[in-house]
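# What the coordinates show
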Amino acid sequence: MKRIGVLTSGGDSPGMNAAIRAVVRKAIFHDLEVFGVKNGYQGLMEGNIVQMDLGSVGDIIQRGGTILFSARSEEFKTDAGQQRAIDQLNKFGIEGLIVIGGDGSFRGAQKLTDKGFPCIGVPGTIDNDISGTDFTIGFDTSLNTIIEAVDKVRDTATSHERTYIIEVMGRNAGDLALWAGLAGGAESILIPEKKEDFSDIVDRLKRGHDRGKKHSIIVLAEGVGSGFEYGDKIEKATQLETRVTVLGYIQRGGSPTATDRVLASRLGAKAVELLKANDGGRMVGIQNNQLVDYAFDEVFTENHTINEEMYQLSKELSI
Ligand code: ADP
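If you're wondering where the values come from, they're calculated on a predicted model, not measured in any experiment.

## Side note on the overall build of the protein
Counting secondary structure elements, the protein contains eleven helices and eleven strands. Over its C-alpha trace the protein gives a radius of gyration of 22 Å, about what one expects of a compact globule, namely 20 Å for 319 residues. Principal axes of the C-alpha set define a box for the protein whose edges measure 70 × 35 × 35 Å. Burial status across the protein gives 52% buried among its 319 residues. For the protein, the exposed surface amounts to about 13,900 Å²; the carbon and sulfur share of it is 48%.

Okay, here's the thing in structure tokens:
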């Protein structure tokens, strides 16, 4: 293999730039040529492809977002779209592709691999919803952004007698909410993986209030439902004034934390090694601080799960 490509796809996450940098530098270290594909699979089909040199990834390790931009593409989900992409890769003489993104992006990478074009996936999403890796690139940064917000809400909360609901991202996964709730000392954590009895939550809030607790913070994962609708229900049921904060896209931005930069550097470099060594169709990940890799098929069939011990602990510490 002499020439490889790299792209970022789906929802962006802080640390993707550090991963691009690692891919480019590690590839050049191995005397490979590297091409960057702009705008994910959409740009791939359009041939929006540029050569990357050592300097092209200078001064980006600390930047959020992705210098290669990201996109979603319906056309790429079709056989014709995938063939268009492979034609472009062949035209540029690219022999293998590294895809930095989430679950959807890996499904696209699997399709290309099935059609004979080797791809390796690097998990980049704030949601931490991919099985086969303890952490995804961007999760730690997003978590720290949420914690900053939770701390600020807590400051104002101490001045008023209210219930505060903070809605956080995570799609169908509760990791951001669970970690943020535990780190932020929330009274309740609502995540899609655990069905809570609504009356239990109401009872808890009332008990806390009767005990003299001035305020309560509830961290709600978006996968559970709308924070505003939940807030209305809670206010009606408890008769306690309730305020809702939906954090939204600030959770996807910002300079990556040191942890995310290191993770992105390790995973990006490992992806180059894997692409050189086999036929693709695999994802790199980290488990117990060791680099691992799994076939996409395994990643898709295993469900991501939350850490049960942490969930129990969050309940014990917030009584
Ligand atoms: P993420 O990678 O963050 O999960 P998406 O689910 O939006 O983001 O996927 C990103 C892109 O990957 C999609 O816009 C599409 O082009 C491609 N993709 C997603 N699912 C498939 C699929 N089943 N087959 C082929 N391509 C897919």
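## Focus: the domain arrangement of the protein
For the protein, the assigned domains read domain 1 (3-138 + 256-301) and domain 2 (140-253). The C-alpha-based centres of domain 1 and domain 2 are spaced at 34 Å. Interface area for domain 1 against domain 2, summed over the two sides, is near 1,200 Å², with a carbon-plus-sulfur share of 50%. Counting the contacts that link domain 1 with domain 2 gives two salt bridges. The partner of arginine 252 in a salt bridge is aspartate 12, and the shortest N-O contact between them spans 3.1 Å. Between the two partners, domain 1 and domain 2, sit ten residue pairs in polar contact (both at pLDDT 80 or more). Across the side of domain 1 that touches domain 2, the residue classes break down as four nonpolar, six polar and five charged.

## Let's talk about the packing of helix H5 (residues 139-157) against helix H6 (residues 175-183)
Where H5 contacts H6, the two axes come as close as 10 Å, and the packing angle between them is 50°. Considered as vectors, H5 and H6 are oriented oblique to each other. Of the two elements, H5 crosses H6, and the hand of that crossing is right-handed. Mapping the contact onto sequence places Phe139, Ser142, Leu143, Ile146 and Ile147 in H5 and Asp175, Leu176, Trp179, Ala180 and Ala183 in H6.

## Re the site of the ligand
Taken together, 17 residues lie near the ligand, and Arg72, Ser73, Gly102, Gly104 and Ser105 sit nearest. Between the ligand and aspartate 103 there is a distance of 3.5 Å, counted from an oxygen atom to a backbone nitrogen or oxygen. Within the backbone of glycine 104, a nitrogen or oxygen atom sits 3.0 Å from an oxygen atom of the ligand. Protein burial of the ligand: of its 560 Å² of free accessible surface, 86% is covered by the chains. Among the elements that take part in the shell around the ligand, helix H4 (residues 103-114) stands out by supplying six residues, more than any other. Looking at side-chain class alone, the shell around the ligand contains two nonpolar, nine polar and six charged residues.

## A look at the nonpolar core
With 29 residues, the main nonpolar core has Ile4, Ile98, Ile100 and Val122 as its most contacted residues. For this core, the secondary-structure elements that each account for two or more residues are strand E1 (3-8), helix H1 (16-29), strand E4 (96-101), strand E5 (119-123), helix H9 (258-277) and strand E10 (282-287). The next biggest cluster of nonpolar side chains, apart from the first, holds 27 residues, and it includes Val150, Val153, Ile191 and Leu247.

## Concerning the sheet that holds E10
The sheet built from seven strands is open, its strands ordered E3-E2-E1-E4-E5-E10-E11 with mixed pairing. The open sheet terminates on both sides in strands that have one partner only, identified here as strand E3 (49-52) and strand E11 (290-295). Sheet twist, expressed as the mean angle between neighbouring strand axes with direction ignored, is 30°.

## Description of the pairing of strand E6 (residues 162-168)
Among the seven residues in E6, seven count as buried, and that is most of the element. Burial along E6 is two-sided: the face carrying Arg162, Tyr164, Ile166 and Val168 and the face carrying Thr163, Ile165 and Glu167 are both buried. Sheet analysis places E6 next to strand E8 (residues 215-221), joined by seven bridges and oriented parallel. Of the residues in E8, the one forming a bridge with glutamate 167 is leucine 220. As judged from the five bridges shared by E6 and strand E9 (residues 242-246), these two strands associate in the parallel manner. When the bridges of E9 are listed, threonine 163 appears paired with threonine 242.

## As for the packing of aromatic side chains
Throughout the structure, instances matching the rule amount to eight aromatic pairs. With centroids separated by 3.9 Å and ring planes inclined at 5°, the aromatic side chains of tyrosine 41 and phenylalanine 76 adopt a geometry described as stacked. Taken together, the positions of tyrosine 41 in helix H2 (residues 40-46) and phenylalanine 76 in the loop between E3 and helix H3 (79-91) put the pair 35 residues apart, joining distant regions of the chain. The pair formed by tyrosine 41 and phenylalanine 76 is uniform in burial state, with each residue classed as buried. Seen in terms of ring centroids, phenylalanine 296 and phenylalanine 300 are 6.0 Å apart; in terms of plane orientation they differ by 10°. Their pairing is stacked. One end of the pair, phenylalanine 296, and the other, phenylalanine 300, are both in helix H10 (residues 296-301), four residues apart, so they sit about a helical turn from each other. The burial state of phenylalanine 296 is the same as that of phenylalanine 300; both residues are buried. Pairwise contacts between aromatic rings join Phe106, Phe296 and Phe300 into one cluster. Sitting over the ring of phenylalanine 198, lysine 233 keeps its end group 4.6 Å from the ring centre.

What counts, and at which threshold
Residues numbered from 1 in each chain as written. Predicted model: local features only at pLDDT ≥ 70, side-chain atom pairs only at ≥ 80, totals over all residues. Heavy atoms only, no water. Helix = DSSP H or I, 4+ residues; strand = E, 2+ residues; numbered from the N terminus. Rg over C-alpha atoms; globule rule 2.2 N^0.38 Å. Buried < 20%, exposed > 50% of the residue type's maximum accessible area, 1.4 Å probe, protein only. Areas by Shrake-Rupley, 256 points an atom, 1.4 Å probe, with all protein chains shown as cover. Domains from an automatic or database assignment. Buried area = accessible area lost by both parts, 1.4 Å probe. Salt bridge = Lys/Arg side-chain N within 4 Å of Asp/Glu carboxyl O. Polar contact = N/O pair within 3.5 Å; in protein donor to acceptor, adjacent residues only side chain to side chain. Nonpolar A, V, L, I, M, F, W, Y, C, P; charged D, E, K, R; others polar. Axes fitted to C-alpha atoms, helices over the stretch in contact; angles between N-to-C directions. Parallel < 35°, antiparallel > 145°, perpendicular 65-115°, else oblique. Left-handed = near helix turned anticlockwise from the far one by under 90°. Contact = heavy atoms within 4.5 Å. Near = heavy atom within 4 Å. Core = buried A, V, L, I, M, F, W, Y, C linked by side-chain atoms within 4.5 Å. Pairing = 2+ DSSP bridges. Phe/Tyr/Trp six-rings, centres within 6.5 Å; stacked < 30°, edge-to-face > 60°. Lys NZ or Arg CZ within 6 Å of the ring centre and 35° of its normal.

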